[in-house]
Amino acid sequence: RLYLAKHGDAGDPETIANLEWNIAKAFLNKGHMIEAVAHFDRVLELWGNRRPTSKFAASLQFIISLLKVLRSLYLPTRKIKQIPTKRMNNIFEATYQRGTALVSVDTSRMVTDSIRFLGTIRKYDLDRVSNGIPIYASSSALFFFSGISYKIARKLLDYAKSHIRPGDVKTLLTFRFWELAMDTLWGKWGKELGYDGDIVDRNIQDGDLFTAPGLVFWCGLLVTEQGRFPETQAYLEKLGEIGDVYE
């Protein structure tokens, strides 16, 4: 507000975009998701990444993007992937953050935005995309949470896993979070949980207030269904601890 009052129409669009992005991230971290989405929309518009304005255009783009994503999964090509520019990586990062906010306030839009997002990101070298692996891993939820297809979700997760670098514990935790959620919901309860309290704590300290507590939650849900109640209590206490620290 102060910047716009001082500079008005002469203000630098890039500065305004960066201010909007920081405001959006602040709302996201505070859990004010509706406000976060509004500011993420604004920054992405300033960067030239606008959503379709009509329902017909949005539906058509959704269908085309979905077909492209499925084709890339089942009929992969050897075509060299593009390297994203810094601006494109910022767009990817902001879109991913907006999707995190949308989960809580507008599930329908989250699904359509995410598919369109995947339709764009599939053209780029995943190793060079900011948060590329978490983006692909999280997109699996569109198919397994909805019950549409375990196989498609598994393919998205496998593609993400193939790009995880050794020692990248932050990305590995994100992958395990989505895989555990999928396996729990689809009744595949035989795997080891892969829970590491130190990695969870490290990710929370880095500001990951979505996937790290989420992994604790799904671990607790699974051991509850398995009747391992002492372990359930430990996960409940961990979630309580995270909540106290977050407050």
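Data block above holds the structure.
Residues numbered from 1 in each chain as written. Predicted model: local features only at pLDDT ≥ 70, side-chain atom pairs only at ≥ 80, totals over all residues. Heavy atoms only, no water.

Engineer: In this structure, what is going on with the nonpolar core? I would like to understand it.
Structural biologist: Within soluble globular proteins, side chains that are nonpolar tend to cluster in buried spots. In this structure, Trp47 and Ile121 are the most contacted members of the largest nonpolar core, which totals 63 residues. In this structure isoleucine 121 touches Phe92, Val129, Ile135 and Tyr136, once residues within four positions along its chain are discounted. (Core = buried A, V, L, I, M, F, W, Y, C linked by side-chain atoms within 4.5 Å. Buried < 20%, exposed > 50% of the residue type's maximum accessible area, 1.4 Å probe, protein only. Contact = heavy atoms within 4.5 Å.)

Engineer: Before we go on, may I ask you to explain the packing of aromatic side chains in this structure?
Structural biologist: Between two aromatic rings, the relevant description is the distance of the centres plus the angle of the planes. Tallied over the entire structure, the rule returns 12 aromatic pairs. An angle of 45° between the planes, with centres 6.3 Å apart, marks the rings of tryptophan 178 and phenylalanine 210 as tilted. Residue tryptophan 178 is located in helix α10 (residues 169-185), and its partner phenylalanine 210 is located in the loop between α11 (197-205) and α12 (211-225); the two are separated by 32 residues in the primary sequence. Classification of tryptophan 178 by relative accessible area gives buried; the value is 8%. Centroid distance tyrosine 195 to tyrosine 235: 5.2 Å. Interplanar angle 90°. Geometry classified as edge-to-face. Separated by 40 residues along the polypeptide, tyrosine 195 in the loop between α10 and α11 and tyrosine 235 in helix α13 (residues 229-246) bring together distant segments of the chain. Looking at tyrosine 195, the relative accessible area reads 28%, which means it is partly exposed. Each residue in the set Phe144, Phe145, Phe217 and Trp218 is aromatic and connected to the rest through ring pairs, giving one cluster. The ring of tryptophan 21 is capped by lysine 25, whose NZ or CZ atom sits 4.1 Å from the centre of that ring. (Phe/Tyr/Trp six-rings, centres within 6.5 Å; stacked < 30°, edge-to-face > 60°. Helix = DSSP H or I, 4+ residues; strand = E, 2+ residues; numbered from the N terminus. Lys NZ or Arg CZ within 6 Å of the ring centre and 35° of its normal.)

Engineer: I would appreciate a short explanation of the packing of helix α7 (residues 132-139) against helix α9 (residues 150-161) in the present structure.
Structural biologist: The description of two packed helices rests on the angle between their axes and on the distance between the axes. Axis separation between α7 and α9 bottoms out at 8 Å; the angle between their running directions is 165°. With respect to α9, the element α7 is oriented roughly antiparallel. The way α7 lies across α9 gives a crossing that is left-handed. In contact with Ile133, Tyr136, Ala137 and Ser139 of α7, α9 contributes Leu156, Leu157, Tyr159 and Ala160. Considering only residue class, the contact of α7 with α9 consists of seven nonpolar, one polar and no charged. (Axes fitted to C-alpha atoms, helices over the stretch in contact; angles between N-to-C directions. Parallel < 35°, antiparallel > 145°, perpendicular 65-115°, else oblique. Left-handed = near helix turned anticlockwise from the far one by under 90°. Nonpolar A, V, L, I, M, F, W, Y, C, P; charged D, E, K, R; others polar.)

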